[in-house]
Amino acid sequence: MKISASFLSIKDNLKENIDLLTKCDIDYLHLDIMDGIFVKNKTWDISEIKNLINYNKPLDVHLMVSDVYKYVDEYKDLNPEFITFHYEVDLDIMDIINYIKKYNIKVGLSIKPNTKVDEIIPYLPYLDLILVMSVEPGEGGQKFIIDSVDKIKKLKELKELKGDYLIEVDGGINDSTISLVKDVDIAVIGSYITSGNYEEKIKSIKEKIYG
Ligand code: DX5
Ligand code: ZN
């Protein structure tokens, strides 16, 4: 299992702390991008992001935005490994998938806690990643929603028949809940890591994953 670290909950010295985080044993840097419309909070704009981040780790962009095309056009310039958008946006999902692929960037589709896996079955063959939100998107530090475990199981079964995607989980992952999501390929972890010594927190997660 790979770890994608979210810096959403870091409050002070963001640039220095992102540098510290990306020197740790993580696989991706997770960028939580919110527009104040799709979710009520708003995060950094692209010019701020360009000043904040480094390229020590591949980037995993999570767009919680309504105008997906505008943000894809901005974030493609960072050359991310993945751009993930939400199924719940009021846009043509297949058209966005093709739009992101055109830039040779891997495409992820995310589902909120109330969205069923069945709804996204038609898109599975075209996706590189499915992001299961295990909290309501919008903020860090929330409690893991247990129904996510069944969704991950279902996506793993469907993968045999319907596609070749990675499964990612995001929200409420810590040293207890990590054992519930052992089937995922990538776990996004935010506040659990950034609320203490990053190296030690990551080590404690890896001990739970690998024993
Ligand atoms: C929530 C974000 C998550 C969040 C995870 O909307 O998508 O990536 O930062 O934070 P934790 O791990 O604190 O739930
Ligand atoms: Zn996220």
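In the block above lies the structure referred to throughout.
A brief structural summary.

Looking at the layout of surface pockets
Here comes step 1: If you add up the space inside the largest pocket, you get close to 330 Å³.
Here comes step 2: If you go around the largest pocket, you meet 28 residues; those closest to its centre are Gly140, Gly141, Gly171, Gly172 and Ser191.
Here comes step 3: Mapped onto the lining of the largest pocket, the elements with two or more residues apiece are strand S2 (28-34), strand S8 (186-189) and helix H6 (191-194).
Here comes step 4: Residues belonging to the lining of the largest pocket are distributed by class as follows: eleven nonpolar, twelve polar and five charged.
Here comes step 5: There is about 170 Å³ of room inside the second largest pocket.
Here comes step 6: Together, 13 residues line the second largest pocket, and Leu8, Ser9, Lys11, Thr43 and Trp44 are the ones closest to its centre.

Thoughts on the coordination of the zinc ion (ligand 2)
Here comes step 1: Protein coordination at the zinc ion (ligand 2) comes from His30 (NE2), Asp32 (OD), His62 (ND1) and Asp170 (OD), with a distance range of 2.0 to 2.3 Å.
Here comes step 2: Taken together, the six donor atoms coordinating the zinc ion (ligand 2) span angles of 71 to 168° at the metal, a pattern that classifies the geometry as octahedral.
Here comes step 3: Sequence spacing of the donors to the zinc ion (ligand 2): H-x1-D-x29-H-x107-D. Pair noted here: aspartate 32 is in strand S2 and histidine 62 is in strand S3 (residues 59-64), with a separation of 30 residues, a long-range link. For the pair aspartate 32 and histidine 62, one class covers both residues: buried.

Here we look at the packing of aromatic side chains
How two aromatic rings sit relative to each other is given by the distance of their centres and the angle of their planes.
Here comes step 1: Per the stated rule, a full pass over the model turns up five aromatic pairs.
Here comes step 2: Here tyrosine 99 and tyrosine 103 contribute two aromatic rings whose centre-to-centre distance is 5.7 Å and whose plane-to-plane angle is 90°, an arrangement assigned as edge-to-face.
Here comes step 3: According to the relative accessible area criterion, tyrosine 99 is buried, its value standing at 19%.
Here comes step 4: Counting every residue linked through ring pairs, the aromatic cluster contains Tyr69, Tyr99 and Tyr103.

Describing the packing of helix H3 (residues 68-75) against helix H4 (residues 93-101)
Here comes step 1: One can describe the packing of H3 onto H4 by two numbers: an axis separation of 11 Å at closest approach and a directional angle of 10°. Of the possible angle classes, the one that applies to H3 and H4 is roughly parallel. Only Asp95, Ile96, Tyr99 and Ile100 of H4 make contact with H3, whose side of the interface consists of Val68, Tyr69, Val72 and Asp73.
Here comes step 2: Among the residues making up the contact of H3 with H4, the classes are represented as six nonpolar, no polar and two charged.

Details of the nonpolar core
Here comes step 1: Of all hydrophobic cores here, the largest spans 69 residues; its most connected members are Phe7, Leu31, Leu63, Tyr75 and Phe85.
Here comes step 2: Considering every element that reaches this core, the biggest residue donor is H4, with five residues.
Here comes step 3: Among the nonpolar cores identified, the runner-up in size contains seven residues, and Tyr28, Leu129, Met133 and Ile186 belong to it.

Structural notes on the site of ligand 1
Here comes step 1: Contacts to ligand 1 come from 20 residues, most closely from Gly138, Gly141, Asp170, Gly172 and Ser191.
Here comes step 2: Contacts to ligand 1 include glycine 138, whose backbone N or O atom sits 2.8 Å from an oxygen atom.
Here comes step 3: Separating an oxygen atom of ligand 1 from a side-chain N or O atom of aspartate 170 is a distance of 2.7 Å.
Here comes step 4: When atoms are counted within 2 Å of each cavity's grid points, the one that captures over half of ligand 1 is the largest pocket.
Here comes step 5: Among the elements that make up the shell around ligand 1, the one with the highest residue count is S2 (three residues).
Here comes step 6: For the shell around ligand 1, a count of residues per class yields seven nonpolar, ten polar and three charged.

What counts and what doesn't
- Residues numbered from 1 in each chain as written.
- Chains lettered and ligands numbered in written order.
- Predicted model: local features only at pLDDT ≥ 70, side-chain atom pairs only at ≥ 80, totals over all residues.
- Heavy atoms only, no water.
- 1 Å grid on protein atoms, 1.4 Å probe; cavity = no way out; pocket = protein on both sides within 12 Å on 5 of 7 lines; lining within 4 Å.
- Points joined across faces, edges and corners; volume = space filled by probe spheres on them.
- Helix = DSSP H or I, 4+ residues; strand = E, 2+ residues; numbered from the N terminus.
- Nonpolar A, V, L, I, M, F, W, Y, C, P; charged D, E, K, R; others polar.
- Donors = N, O, S within 2.8 Å, 3.2 Å for Na, K, Ca; no water.
- Tetrahedral: all angles 85-135°; square planar, octahedral: opposite > 155°, others 65-115°.
- Buried < 20%, exposed > 50% of the residue type's maximum accessible area, 1.4 Å probe, protein only.
- Phe/Tyr/Trp six-rings, centres within 6.5 Å; stacked < 30°, edge-to-face > 60°.
- Axes fitted to C-alpha atoms, helices over the stretch in contact; angles between N-to-C directions.
- Parallel < 35°, antiparallel > 145°, perpendicular 65-115°, else oblique.
- Contact = heavy atoms within 4.5 Å.
- Core = buried A, V, L, I, M, F, W, Y, C linked by side-chain atoms within 4.5 Å.
- Near = heavy atom within 4 Å.
- Polar contact = N/O pair within 3.5 Å; in protein donor to acceptor, adjacent residues only side chain to side chain.
- Sits in = over half its atoms within 2 Å of the grid points.

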